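Okay, here's what each chain looks like letter by letter:
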Amino acid sequence: MTEGNTNTATTAKAALVTGASTGIGEATVRALRSGGWTVYAVARRAGRLEALAADTGAVALPADVTSDDDVARLLDEVTRAGGIDTLINVAGGARGADTVAGARTEDWEWMFEVNVLGTMKLIRAFLPMLRACGEGTVLNLTSTAGLAAYEGGGGYNAAKFAQHALTGALRLEEAEHNVRVIEVAPGLVQTEEFALNRLGDQGAAAKVYQGVEKPLTAADVADVVRYAVAAPHHVNLDQIVIRPVAQAANYKLIRKG
């Protein structure tokens, strides 16, 4: 990436993608690499990142997005490698499905650390670079859980509402710097680990998708992310809500059988 580059679908682009070891993050790395992007893939699990890098040609950068030291190291390594014009924050997740009355403090702390503070720390570190390139983009992957609350989702709702609000504030603050800010909010996505990590049990995780015809896949969401960041820079898809047809709303999910 060079300063002053023209942001079009055909220009060589460079992105940093967090949460890249699995699910939507991994699929996003694959989608961008297939389009010729330089991609820095970030996650905690080095082994999975190295396998992804070997398969796609992405640059593996193991790091914890909640660690100030790791974020500083990422900024240094990406700067020395030539920089980015696009930051894609996918790292996040849910833990637990307790009511607010039964909330586990450690679960709420983890969700805020990863979904909110991790997103903030990456943005804060890379904004000067994104401003300097002339046509920078930040894309935050939030969730429909950040747009409408539901029972048993209080902690995840709170974290994703906060990330959604952060994204809106950032868009207002960075417009004068020509930094494009995009929010992609998926509904029900069937991935390898999300429900399992949240519920801690394979059987309970399977029930989340039971009877749902064609839930979204990680590749479905990644394709939307790729489209949004590859659009001409003056086109800002401020907020994209993506759900399977079977999910008309957070509280209305069609199950068959």
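Up top is the structure.
(A) Focus on the packing of helix α1 (residues 23-34) against helix α2 (residues 46-56). Contact pair α1 / α2: the axes reach a minimum separation of 11 Å and the direction vectors enclose 20°. Viewed along their axes, α1 and α2 adopt a mutual orientation that is roughly parallel. Here α1 and α2 pass one another in a crossing that is right-handed. Together, Glu26, Val29, Arg30 and Arg33 of α1 and Arg48, Leu52, Asp55 and Thr56 of α2 make up the contact between the two elements. Class assignment of the residues belonging to the contact of α1 with α2 gives a composition of two nonpolar, one polar and five charged.

(B) Region of interest: the nonpolar core. Core analysis: the largest hydrophobic core is formed by 34 residues, its most contacted members being Val29, Leu32, Ile88, Leu139, Val184 and Val221. Breaking this core down by element, the ones donating at least two residues are β1 (14-18), α1, β2 (38-43), α2, β5 (137-141), β6 (180-186), α8 (218-230) and β9 (239-242). When residues in this core are grouped by element, the largest group, seven residues, is from α8. In contact with Leu32, not counting residues within four places along its chain, are Ala15, Val17, Trp37, Val39, Ile88, Arg226 and Val229. Val71, Ala125, Ala159 and Val181 belong to the second largest nonpolar core, which has 31 residues in total.

(C) Layout of the pattern of salt bridges. As enumerated under the stated definition, the model contains twelve salt bridges in all. Residue Arg80 pairs with Asp76 through a salt bridge whose shortest N-O separation is 3.0 Å. With Arg80 and Asp76 both in helix α3 (residues 68-81) and four residues apart, this pair spans about one turn of that helix. Under the relative-accessibility criterion, Arg80 is labelled exposed at 62%. Residue Asp76 is classed as partly exposed on the basis of its relative accessible area, which comes to 40%. Each of the salt bridges in this network shares a partner with another, and the network as a whole consists of Glu26, Arg30 and Asp55.

(D) Up close: the environment of Gly155. Mapped onto the secondary structure, Gly155 falls in helix α5 (residues 154-174). Judged by relative accessible area, Gly155 falls into the buried class, the value being 6%. Residues Gly155 and Val100, 55 residues apart in the sequence, show an inter-C-alpha distance of 7.5 Å. Excluding residues that lie within four positions of it along the chain, Gly155 makes contacts with Trp108, Met111 and Phe112.

Conventions we followed
Residues numbered from 1 in each chain as written. Predicted model: local features only at pLDDT ≥ 70, side-chain atom pairs only at ≥ 80, totals over all residues. Heavy atoms only, no water. Axes fitted to C-alpha atoms, helices over the stretch in contact; angles between N-to-C directions. Helix = DSSP H or I, 4+ residues; strand = E, 2+ residues; numbered from the N terminus. Parallel < 35°, antiparallel > 145°, perpendicular 65-115°, else oblique. Left-handed = near helix turned anticlockwise from the far one by under 90°. Contact = heavy atoms within 4.5 Å. Nonpolar A, V, L, I, M, F, W, Y, C, P; charged D, E, K, R; others polar. Core = buried A, V, L, I, M, F, W, Y, C linked by side-chain atoms within 4.5 Å. Buried < 20%, exposed > 50% of the residue type's maximum accessible area, 1.4 Å probe, protein only. Salt bridge = Lys/Arg side-chain N within 4 Å of Asp/Glu carboxyl O.

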